[in-house]
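Single-letter residue listing:
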Amino acid sequence: MNDIDAWVWWLVGAAALGIPLVVTAMPEFGMFAVGAVAAAVVAGFGFDLVVQVLAFVVVSVALIAVVRPIATRHDRQRPQLATGIDALKGKQAVVLERVDGSGGRIKLAGEVWSARALNADLAYEPGQEVDVVDIEGATAIIM
């Protein structure tokens, strides 16, 4: 075991830290793996064990302190591109069959949808343009 250089052990440690990174999807393990690679580089230049461990700790802590808050902030952001029914809210549609509080049909995004008026007292006639305010199941709520 003494025949193997220290930098090889640090690379083995980096690979070992990469396994839980893949299995658990915890980015902290990746940051520790990068710290181990930094320690391997320091060991490759011939520095002693104290400097190697110090390089591992400094790089790992720096990555956790800098990268983790940025990753957390990006993870909490809502996607800018609305998809599915969220993309249909706020769109305009054309009434195909009279729509009132009990139902009707509209053409929304090139498809025929069942629709219901948001205000049950109002009715929309064929050809009228309306706004989709919500989607409940397969029914568009319009106004």
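Residues numbered from 1 in each chain as written. Predicted model: local features only at pLDDT ≥ 70, side-chain atom pairs only at ≥ 80, totals over all residues. Heavy atoms only, no water.

> What's the story with the sheet that holds strand β1 (residues 92-100) in this structure? I'm lost.
The strands that make up a sheet are held in pairs by hydrogen bonds between backbone atoms, and each pair lies either parallel or antiparallel. Ordered by their spatial adjacency, five strands build a closed barrel running β1-β2-β3-β5-β4, and the pairing between neighbours is mixed. Put simply, the sheet's adjacent strands are angled 50° from each other on average, direction ignored. (Pairing = 2+ DSSP bridges. Helix = DSSP H or I, 4+ residues; strand = E, 2+ residues; numbered from the N terminus. Axes fitted to C-alpha atoms, helices over the stretch in contact; angles between N-to-C directions.)

> Looking at this model, I keep getting lost on the pairing of strand β5 (residues 139-142). Mind explaining?
Here is the key point about a regular strand: its side chains alternate between the two faces of the sheet. With four bridges joining them, strand β3 (residues 111-117) and β5 adopt parallel strand pairing. Looking at β5, one finds that R116 is bridged to I141. The hairpin formed by strand β4 (residues 129-136) and β5 contains two residues between the paired strands, and G137 there has a positive phi angle of roughly 65°.

> Hey, could you run me through the nonpolar core in this one?
Here is a general trend for soluble globular proteins: nonpolar side chains tend to be buried in one another's company. Formed by 15 residues in total, the largest nonpolar core has its most connected members in I106, L108, V132, A140 and I142. Mapped onto this core, the elements with two or more residues apiece are β1, β2 (103-108), β3, β4 and β5. Residue contacts for A140: discarding those within four places in its chain leaves I106, L108, W113, S114, A115, R116, V132, D134 and I135. (Core = buried A, V, L, I, M, F, W, Y, C linked by side-chain atoms within 4.5 Å. Buried < 20%, exposed > 50% of the residue type's maximum accessible area, 1.4 Å probe, protein only. Contact = heavy atoms within 4.5 Å.)

> Explain the environment of K91 to me, please; I cannot follow it from the model alone.
On the secondary structure map, K91 appears in the loop between α4 (85-88) and β1. Along the primary structure K91 and I142 are separated by 51 residues, whereas in three dimensions their C-alpha atoms are 9.8 Å apart. Among all residues touching K91, those that are not within four sequence positions of it are L108, V130, D131 and V132.

> Before we go on, may I ask you to explain the side chain of S60 in this structure?
Relative to the assigned elements, S60 resides in helix α3 (residues 49-76). The exposure class assigned to S60 is buried, which follows from its relative accessible area of 2%. Setting aside residues up to four positions removed in sequence, S60 forms contacts with M31, F32 and G35.

> Whenever I open this one, the pattern of salt bridges confuses me. Can you help?
A side chain of one charge can pair with a side chain of the opposite charge when the charged atoms of the two come close. Scanning all chains against the criterion turns up five salt bridges. Between K89 and D86 there is a salt bridge, and its shortest N-O distance comes to 3.6 Å. Judged by relative accessible area, K89 falls into the partly exposed class, the value being 35%. Note that D134 is salt-bridged to K89, the shortest N-O span being 3.5 Å. With D134 in strand β4 and K89 in the loop between α4 and β1, this pair connects stretches of sequence that are 45 residues apart. Taken together, the salt bridges that share partners define one network made up of D86, K89 and D134. (Salt bridge = Lys/Arg side-chain N within 4 Å of Asp/Glu carboxyl O.)

> What exactly am I supposed to notice about the packing of helix α1 (residues 6-24) against α3 here?
A packed helix pair is summarised by two numbers, namely the angle formed by the two axes and the spacing between the axes. Interaxial distance between α1 and α3 falls to 12 Å at its minimum, and their mutual angle equals 25°. Taken together, the axes of α1 and α3 are roughly parallel relative to one another. Crossing of α1 against α3: the hand is right-handed. Every residue of α3 that contacts α1 at A6, W10 and L17 is listed here: Q52, V53 and F56. (Parallel < 35°, antiparallel > 145°, perpendicular 65-115°, else oblique. Left-handed = near helix turned anticlockwise from the far one by under 90°.)

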